[in-house]
Amino acid sequence: MGKAFVYMLASRRDGAIYVGVSSDIVKRIWEHKENLIDSHTKKYDIKRLVYYEEHISIENAILREKQMKKWYRQWKVQLIEGINPDWNDLYQELL
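Residues numbered from 1 in each chain as written. Predicted model: local features only at pLDDT ≥ 70, side-chain atom pairs only at ≥ 80, totals over all residues. Heavy atoms only, no water.

A word on the side chain of lysine 76
And then number 1: Within the secondary structure, lysine 76 is located in helix α4 (residues 73–83).
And then number 2: Buried within the structure, lysine 76 lacks any salt-bridge partner; its nearest side chain of opposite charge belongs to glutamate 65, at an N-O separation of 10 Å.
And then number 3: Setting aside residues up to four positions removed in sequence, lysine 76 forms contacts with Met8, Ile17, Val19, Met68, Lys69 and Trp71. (Helix = DSSP H or I, 4+ residues; strand = E, 2+ residues; numbered from the N terminus. Buried < 20%, exposed > 50% of the residue type's maximum accessible area, 1.4 Å probe, protein only. Lys, Arg positive; Asp, Glu negative; His and termini not counted. Salt bridge = Lys/Arg side-chain N within 4 Å of Asp/Glu carboxyl O. Contact = heavy atoms within 4.5 Å.)

Here we look at the environment of glutamate 34
And then number 1: Counting through the fold element by element, glutamate 34 comes out in the loop between α1 (25–33) and α2 (40–43).
And then number 2: In this structure, the C-alpha to C-alpha distance between glutamate 34 and lysine 47, residues 13 residues apart in sequence, is 8.7 Å.

Re the sheet that holds strand β2 (residues 17–22)
And then number 1: Across the sheet, which stays open at both edges, the 3 strands sit in the order β2-β1-β3 with antiparallel pairing between neighbours. Two strands in the sheet have a free side with no partner beyond their single neighbour: β2 and β3 (48–55). In this sheet, adjacent strand axes meet at a mean angle of 20° when their direction is disregarded.
And then number 2: Sheet topology note: the strand β1 (residues 4–10)/β2 ladder contains 6 bridges and is antiparallel. Within the sheet, the bridge partner assigned to tyrosine 7 lies in β2 and is glycine 20. (Pairing = 2+ DSSP bridges. Axes fitted to C-alpha atoms, helices over the stretch in contact; angles between N-to-C directions.)

This is the structure we're talking about:
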């Protein structure tokens with residue numbers, strides 16, 4: 001049992017959004033930024049951390065990630081803009 005995170009990356013404001021989960025969010029976001037993960041994020045240049053939330057376990061985080069992946073885009077946008085209205089990259093605040 002340990003901390004885990006659900007996060008959303010965006011290519012730009014109102015651009016493509018990616019929802020992910022990690023137990024080491026700093027490392028994982030760095031991997032996305034460096035294009036080390038051959039995925040949707042690399043293909044569409046999705047590197048800006050616009051939202052994240054902490055969970056007490058990886059199991060809880062995975063459940064939340066699955067829930068959020070089923071959401072309509074507008075629900076994700078509302079969640080992002082509720083804490084990050086300018087869609088700033090939040091990666092530096094993790095360091």
